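Listed below are the residues making up each chain.
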There are 4 protein chains.
Amino acid sequence: MSSSFGKMLTLTTFGESHGAALGGVVDGFPSGIAIDEDFIRSEMARRRPGSTPLGTQRSEDDVPRILSGVFNGISTGTPIGFIIENKTQRSQDYSSIEHVYRPGHADYTYCAKYGLRDYRGGGRASGRETSCRVFGGALAKLFLREEGIAVNAAVIQVHGIKAEGYEWKPPFSPPLYAPPCRNLEAMIKAVEDARNDLDSVGGIIECHITGVPSGLGEPVFDKLDAVLAHAILSIGAVKGIEFGRGFESARLRGSENNDEMRAENGRIVFASNNAGGILGGISSGSDIVFRSAIKPTPSIAKTQLTVTDEMVNTEIAVHGRHDSTILPRAVPVIEAMAALTIADFLIQKRCYDKR
Amino acid sequence: MSSSFGKMLTLTTFGESHGAALGGVVDGFPSGIAIDEDFIRSEMARRRPGSTPLGTQRSEDDVPRILSGVFNGISTGTPIGFIIENKTQRSQDYSSIEHVYRPGHADYTYCAKYGLRDYRGGGRASGRETSCRVFGGALAKLFLREEGIAVNAAVIQVHGIKAEGYEWKPPFSPPLYAPPCRNLEAMIKAVEDARNDLDSVGGIIECHITGVPSGLGEPVFDKLDAVLAHAILSIGAVKGIEFGRGFESARLRGSENNDEMRAENGRIVFASNNAGGILGGISSGSDIVFRSAIKPTPSIAKTQLTVTDEMVNTEIAVHGRHDSTILPRAVPVIEAMAALTIADFLIQKRCYDKR
Amino acid sequence: MSSSFGKMLTLTTFGESHGAALGGVVDGFPSGIAIDEDFIRSEMARRRPGSTPLGTQRSEDDVPRILSGVFNGISTGTPIGFIIENKTQRSQDYSSIEHVYRPGHADYTYCAKYGLRDYRGGGRASGRETSCRVFGGALAKLFLREEGIAVNAAVIQVHGIKAEGYEWKPPFSPPLYAPPCRNLEAMIKAVEDARNDLDSVGGIIECHITGVPSGLGEPVFDKLDAVLAHAILSIGAVKGIEFGRGFESARLRGSENNDEMRAENGRIVFASNNAGGILGGISSGSDIVFRSAIKPTPSIAKTQLTVTDEMVNTEIAVHGRHDSTILPRAVPVIEAMAALTIADFLIQKRCYDKR
Amino acid sequence: MSSSFGKMLTLTTFGESHGAALGGVVDGFPSGIAIDEDFIRSEMARRRPGSTPLGTQRSEDDVPRILSGVFNGISTGTPIGFIIENKTQRSQDYSSIEHVYRPGHADYTYCAKYGLRDYRGGGRASGRETSCRVFGGALAKLFLREEGIAVNAAVIQVHGIKAEGYEWKPPFSPPLYAPPCRNLEAMIKAVEDARNDLDSVGGIIECHITGVPSGLGEPVFDKLDAVLAHAILSIGAVKGIEFGRGFESARLRGSENNDEMRAENGRIVFASNNAGGILGGISSGSDIVFRSAIKPTPSIAKTQLTVTDEMVNTEIAVHGRHDSTILPRAVPVIEAMAALTIADFLIQKRCYDKR
């Protein structure tokens, strides 16, 4: 299915950016978990438009309504249905893009696939779709929290500027959700410069998952890193992922890249974490670390060459309150997909744990 | 399921490196396709140990035996079962690693997951498992060939040395399966140097898929790039993947990264291919291009610190005929997983094509 | 997943009988289909409480609200999200069954599984859950109609009384949705007698699917009859299913049971349809015919022995406006599940059709 | 996938009756289970041709060869691959049916679906395919045995003759695998009469699953009875299934059909088992009981009308050593599919058990 993710814990979503509502179903969620709706709303607030001065100034409420699966504040084990009404976007005018394919967008490929598209605001391909992921991820985090597992992501590069000398001490702060670092202001300025130039910028987001027990992930096709890659690359703006040393490990020798092991107090300790916490597709007990490449937002006010849906050459400048970078708002989405993946594997692992 | 890949076209595999045999089932393969067994064997020959002077000098036959699903040389639409007997590996002595976890290997994580492991030659975590993928990929290629689709990969970086000035003209040649380039000899020397130092090296493999129609891939969770990432990261040695400009797009602005479009003879032509042939998770008709980071082989003869399965500190030097790089032998495996993914999506797409 | 049905065309549902709303997601629905909301509402009206004088006199509106996947009245190919608000049931008092397990209900098994339950009106185990199935089935029927396929069911037995001398001429009429037959009044009276006795009755529903092309269904595990059985037995009240001659074929010899074939005008015609339109799990082109055994509604006002959730013996008489038979309201639910199954297989079949 | 069954515990199979071999993969099998190969062979011996004087006198060995997933006699948690070589069937002559569709067989529907078929002995539609199910079921039984769960089936009706006054005391004995009963000889004679008349007979098989804990099965679409029905109807000869009182419950009132509950020693005891051990799709802790209708074997030596694959009317008498009833040999197949289903749900249940 294209609209479901997960095996035992699944998130199924629906919704276009300008339809009546988005929403979905979280199925396979364990019973007996306290559902902290304030926490869910705070997670969604991090993603919603208007959440950071570096992003779009459109403001949407993004308040989810839980319709089932929770009784007296506790999960019942039955599917958790939810909707997020679309309130503020009705009035916009999308007639200018009804027949024009925006470069870098999925306008053309949706038409190629379906023979038609809902052109209002990107339809199903809109970033607004990710609000449902953050809802599902917030539930997953509530479950993981009880297991001592935390998922945190941060922006570590904007445009060509990498965070220098940063320490990993979550939670991270707006406006950029980068870790404290020497050149934070330069990173922020890169976004502002792009906005002033009617342009946008990409960057890199790093994610750490702590408290993961060893033994998560399935050998061969559903390796933990393979499924995490699936989860993260399913986010529209992501163009690459790497685990541990990642692409840098291509430049290393085995003697440098292998993480040596020591026994300390009857437990294994790794001297380094080049593997990013995963060996042979199975978690090793070290922190899981990965980085994702985020492309610059395709909606820019600069004029670009393109074609109409009748194959006529034209040009386009996408006006409107678009994000000049999606980076800070992508942070909770990456955390959400990682949390869903880890929670699913944790549930699967229980099937085979010895009693 | 951990041992199956795909939705309509599936590959299910089994087998440890030192069991009686490996094998599997290709299900959902279309009927009426001529099964060219010479082609299958030639694909498997590219992966088998001993296929390149740069890899291990162990020699295995890797001849698959097709047990079902083919009648009079034509696929019948029923599942294609196959086995690959393990012939040459029986006699080796693995007692030295029976109780020691090799750094960079899955020895420890398998024990953490299953409570026991088949320690002979890596068991299920052995690279030998990929022989079944190459078999499945060869079948997928036979189907894709009839649709005008080709999948080709090549080594474009070894250790720190990137192929300079290369042209993409497959097929590529042994020993390295790199494209012809100015510094090919330096790339080969990097492998030989590592071997002389009892060490190993990693690198980068690029893959191009040509002839893909627009409209492949599913929005949201099963984006074409997400499933390709799942497929490729499920290969043991892969630590990262990027599509099109990938991590470089993090350093670009939207105006640089968006691929402008022009209409030529009633068809869309993209001025560039920074997207790597995928927009919004759906193929655009451009070539699909991705790169994978391959870590250096963990089995090295250099001495490394590690622990035993009874949590005693020790050290290990992994002797034997190991690959000092897995790069050339990983090329057909990457092609195979890409071919299976594209074939699956092509079959899925037909469900919704208009008649 | 427990809450999803189907492979390429999937229905995912959520909702308890007394939560805020029920709803779900229909995914994989083809693009370009006209969505006739009047038809959807008419299908749902057949199932809703109060639809027949033979059922409960509780009245619910059951008006679905489509939230996505339809644009300008046409399906877009993206997931169709929907909700059905629970309006009329809020005020009822369920405290009498909060701690008592009703015989024949899932009260006890839900507690055994989840450790808690939403006791209001059956929660997720309520027949109200089937409203989402009828919504999904109505969409499936809109698609099947374009392919010339019709799904019709009718009540052919109530209590011990079998419809005599009936002809199969759909559509069938309230109050019982039985085919016109000699003893229709006796069938209706059996329901009324049960009601007067504070009791309930079961019966048998027959379903015919016409216009199905040959070649639907997958050999071995996903035979067309196996998946139909899965679909129909997933309806709470169904205790058995049989195809064609079904249990009667157990009493036949091969020479009686085999359907002989003749060629007429270049097409195969079967002399009989004992197989119910399915051979080896694949549709033969004959009508698909199956019958389902429906148990008597477990909610009865007669006093029965039972226990509390603290294992104390007690008795219960379930008062309220319960159906003394679920038969007429089960008819559209059976049609819906059959329609979803056939539509899914029709979509899957296209993957492998020759061009 | 058509050739895989199960969710966490899966059986994937391949193989035609006259290809080189049949086989498959059991995936998700727990690690640490002793694999008793003698038991597996004894299960397969019950199904193999020649196992009963009432069936075909063709003799096949049906000895499975385990290729992976077992190390030192213990399951490792990795997939268990196996093959069953086809030894004795090579020499037969199937040219007489190469172009003729046998009534009651899948010859015509396979051609309709795939455009071609392997006509030798039924190909993939042959009953020989079930040998792989019995292998998988034997593994499942080894796991269930450790959990105190037993699966036993028996023939309770042949042609029109129902076993009278039988007690359920497994294991049951050849030649018929019926429970000891007053009219066993009449049942056996019904088979012999059919054989003498060049004909075949059907019947009914009952299955009891004991020791199942409450809480197995998923609400809504993957109810325990729905998935069991899927499993059992996927066996070629089965035309119907019913749980508990089944079709008889259609003739009952609620007050007769509901199973009253009593508390005894802090546990729930049901006064009857009309539900067949399943309420709301979830096991209640009572024995699970279902019955399957088995059609008469379609291969009969009597002459029948049919057509050729070029749509020419003809007739056929299927000679050869065919079963005049499949009943005794279907018993272990039904047990196998039931065992696989229960084992899968037991594994799934562990995901959500409280620690």
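The rules we used
- Residues numbered from 1 in each chain as written.
- Chains lettered and ligands numbered in written order.
- Predicted model: local features only at pLDDT ≥ 70, side-chain atom pairs only at ≥ 80, totals over all residues.
- Heavy atoms only, no water.
- Least-squares fit on C-alpha atoms with pLDDT ≥ 70 in both.
- Contact = heavy atoms within 4.5 Å.
- Phe/Tyr/Trp six-rings, centres within 6.5 Å; stacked < 30°, edge-to-face > 60°.
- Helix = DSSP H or I, 4+ residues; strand = E, 2+ residues; numbered from the N terminus.
- Buried < 20%, exposed > 50% of the residue type's maximum accessible area, 1.4 Å probe, protein only.
- Lys NZ or Arg CZ within 6 Å of the ring centre and 35° of its normal.
- Buried area = accessible area lost by both parts, 1.4 Å probe.
- Salt bridge = Lys/Arg side-chain N within 4 Å of Asp/Glu carboxyl O.
- Polar contact = N/O pair within 3.5 Å; in protein donor to acceptor, adjacent residues only side chain to side chain.
- Nonpolar A, V, L, I, M, F, W, Y, C, P; charged D, E, K, R; others polar.
- pLDDT = per-residue confidence, 0-100.
- Disulfide = S-S within 2.5 Å.
- Expected span 1.5 Å × (residues − 1).
- Arc of directions from axis to C-beta.
- Patch = residues over 30% accessible without salt bridge, like charges linked within 9 Å, V, L, I, M, F, W, Y side chains within 5 Å.
- Areas by Shrake-Rupley, 256 points an atom, 1.4 Å probe, with all protein chains shown as cover.
- Lys, Arg positive; Asp, Glu negative; His and termini not counted.
- Charge placed at Lys NZ, Arg CZ, Asp CG, Glu CD.
- Pairing = 2+ DSSP bridges.
- Axes fitted to C-alpha atoms, helices over the stretch in contact; angles between N-to-C directions.
- Parallel < 35°, antiparallel > 145°, perpendicular 65-115°, else oblique.
- Left-handed = near helix turned anticlockwise from the far one by under 90°.
- Core = buried A, V, L, I, M, F, W, Y, C linked by side-chain atoms within 4.5 Å.

Another point: the relation of the copies chain D and chain C. Once chain D has been moved 0.0 Å along the axis and rotated by 180°, it coincides with chain C to within an RMSD of 0.0 Å. In the structure described here, the two chain copies are related by an operation that fits a two-fold rotation axis. Closest to the rotation axis within chain D is the C-alpha of D:His230, separated from it by 2.5 Å. When the interface residues of chain D are mapped onto chain C, 100% of them are again interface residues, pointing to one common binding face.

The subject of this paragraph is the packing of aromatic side chains. Applying the stated criterion to the full structure yields 34 aromatic pairs over all chains. Residues A:Phe5 and B:Phe221 carry aromatic rings whose centres are separated by 5.8 Å and whose planes lie at 40° to one another, so their mutual orientation is tilted. Of this pair, A:Phe5 sits in strand β1 (residues 4-5) while B:Phe221 is found in the loop between β10 (203-210) and α5 (224-233), placing the two residues in two different chains. For B:Phe221, a relative accessible area of 0% corresponds to the buried category. A ring pair is formed by B:Trp168 and B:Phe172, whose centres lie 4.8 Å apart and whose planes are at 65°; its orientation type is edge-to-face. Ring pairing ties together the aromatic residues A:Tyr101, A:Tyr108 and B:Phe270, which thus form one cluster. Above the ring of C:Phe39, the side-chain terminus of C:Arg145 is found at 4.6 Å from the ring centroid.

To continue, consider the interface of chain D and chain C. Chain D puts 106 residues into the contact, and the matching count from chain C is 106 residues. For the pair chain D and chain C, the summed buried surface comes to about 8500 Å²; carbon and sulfur atoms form 57% of the total. Counting the surface chain D buries against chain C, the share from its top three residues, D:Phe221, D:Lys239 and D:Arg253, is 11%. Summed over the shared surface of chain D and chain C, the number is 4 salt bridges. We note a salt bridge from D:Lys113 to C:Glu218, for which the minimum N-O separation is 3.0 Å. Taken together, the connections running from chain D to chain C amount to 52 residue pairs in polar contact (both at pLDDT 80 or more). Split into classes, the residues belonging to the side of chain D that touches chain C amount to 44 nonpolar, 38 polar and 24 charged.

Considering every residue of chain A, the mean pLDDT works out to 93; 97% of them sit at 70 or more. Per the prediction output, this complex has pTM 0.96; the corresponding ipTM is 0.96.

Glancing now at the state of the cysteines. All chains considered together, the criterion is met by 2 disulfides over all chains. Disulfide pairing is shown between A:Cys351 and D:Cys351; the S-S distance is 2.5 Å. On the criterion of chain membership, the pair formed by A:Cys351 in helix α7 (residues 327-352) and D:Cys351 in helix α7 (residues 327-352) is interchain, its members lying in two chains. Exposure class is identical for A:Cys351 and D:Cys351. Each is buried. Left unpaired, B:Cys132 is separated from the closest cysteine sulfur, that of D:Cys132, by 17 Å. Not engaged in a disulfide, the cysteine D:Cys181 finds its nearest cysteine sulfur in D:Cys207; these two sulfurs lie 18 Å apart. With a relative accessible area of 15%, D:Cys181 lands in the buried category.

Take the pattern of salt bridges next. Counted according to the given criterion, the structure contains 91 salt bridges over all chains. Note that B:Lys141 is salt-bridged to B:Glu43, the shortest N-O span being 2.9 Å. With a gap of 98 residues between them, B:Lys141 in helix α3 (residues 130-146) and B:Glu43 in helix α1 (residues 37-47) connect regions that are remote in the sequence. Each member of the pair, B:Lys141 as well as B:Glu43, is classed as buried. Measuring nitrogen to oxygen at the nearest pair gives 3.4 Å for the salt bridge that ties C:Glu206 to C:Arg291. Of this pair, C:Glu206 sits in strand β10 (residues 203-210) while C:Arg291 sits in strand β16 (residues 288-294), placing them 85 residues apart in sequence. Judged by relative accessible area, C:Glu206 falls into the buried class, the value being 6%.

To continue, consider helix α4 (residues 184-196) of chain A. Residues and elements named next belong to chain A. Helix length check: α4 (13 residues) gives 19 Å between terminal C-alpha atoms against 18 Å at 1.5 Å per residue, within 8%. Those residues of α4 lying buried are Met187, Ile188, Ala190, Val191 and Ala194. Taken around the axis of α4, the buried residues stretch over an arc of 145°, which confines them to a single face. In α4, the exposed positions angled more than 90 degrees off the buried face are occupied by Glu185 and Asn196. Within two residues after α4, leucine 198 carries a phi angle of roughly 60°, on the positive side.

Before going further, it helps to spend a moment on the relation of the copies chain A and chain C. When chain A is fitted to chain C, the best match, at an RMSD of 0.0 Å, comes from turning it 180° and sliding it 0.0 Å along the axis. When the interface residues of chain A are mapped onto chain C, 100% of them again fall at the interface, so both copies present the same face.

Chain A puts 40 residues into the contact, and the matching count from chain C is 40 residues. Counting each side, the surface lost to burial between chain A and chain C is near 3000 Å², with a carbon and sulfur contribution of 64%. Remark: the boundary between chain A and chain C carries 2 salt bridges. With a closest N to O distance of 3.1 Å, A:Arg65 and C:Glu85 form a salt bridge.

On the surface, A:Lys162, A:Arg251, B:Lys162 and B:Arg251 cluster together into a patch of positive charge. Note on placement: B:Arg251 falls in the loop between β11 (238-243) and α6 (254-257). Classification of B:Arg251 as partly exposed rests on a relative accessible area of 42%.

All names here are of chain C. Here we have 5 strands laid out as an open sheet, ordered β1-β2-β3-β7-β4, and antiparallel in their pairing. Strand pairing shows two members of the sheet lacking a second neighbour, β1 (4-5) and β4 (64-66), which therefore form its edges. Bridge count between β1 and strand β2 (residues 10-14): 2 bridges; the pairing is antiparallel. Residue phenylalanine 5 lies in a different strand from β2, and its bridge partner there is leucine 11.

Contact geometry for helix α5 (residues 224-233) of chain A and α5(B): axes closest at 8 Å, N-to-C directions at 165°. Between α5(A) and α5(B), the interaxial angle falls into the category roughly antiparallel. By crossing handedness, the relation of α5(A) to α5(B) is classed as right-handed. Taking contact as the criterion, the partners of A:Asp225, A:Ala226, A:Val227, A:Ala229, A:His230 and A:Leu233 in α5(A) are, on α5(B), B:Asp225, B:Ala226, B:Val227, B:Ala229, B:His230 and B:Leu233. Looking at the contact of α5(A) with α5(B) residue by residue, the class counts come to 8 nonpolar, 2 polar and 2 charged.

This part covers the nonpolar core. Counting 326 residues, the largest nonpolar core has A:Ile209, B:Ile209, B:Phe290, C:Ile209 and D:Ile209 as the members making the most contacts within it. Ignoring anything within four residues of it in the chain, the contact list for C:Ile209 reads C:Ile149, C:Ala150, C:Val151, C:Asp287, C:Ile288, C:Phe290, C:Ala338 and C:Ile342.

Assignment of secondary structure puts C:Ser324 in the loop between β18 (313-316) and α7 (327-352). If sequence neighbours within four positions are ignored, C:Ser324 has contacts with C:Leu54, C:Val191, C:Arg195, C:Asp199, C:Ser200, C:Val201 and C:Thr297.

If you walk across this open sheet you meet the 10 strands as β9(A)-β8(A)-β10(A)-β16(A)-β11(A)-β11(B)-β16(B)-β10(B)-β8(B)-β9(B), and the pairing is antiparallel. Here the strands that pair on one side only, and so sit at the sheet edges, are β9 (161-162) of chain A together with β9 (161-162) of chain B. Pairing of strand β11 (residues 238-243) of chain A with strand β16 (residues 288-294) of chain A, which is carried by 5 bridges, proceeds in the antiparallel orientation. Its bridge partner lying in β16(A), A:Gly240 is registered against A:Ala293. Of the strands in this sheet, β11 of chain A together with β11 and β16 (288-294) of chain B are in contact with α5(B), which crosses β11(B) at around 155°. Taken strand by strand, helix α7 (residues 327-352) of chain B contacts β8 (150-158), β10 and β16 of chain B, and its axis lies near 145° from that of β8(B).

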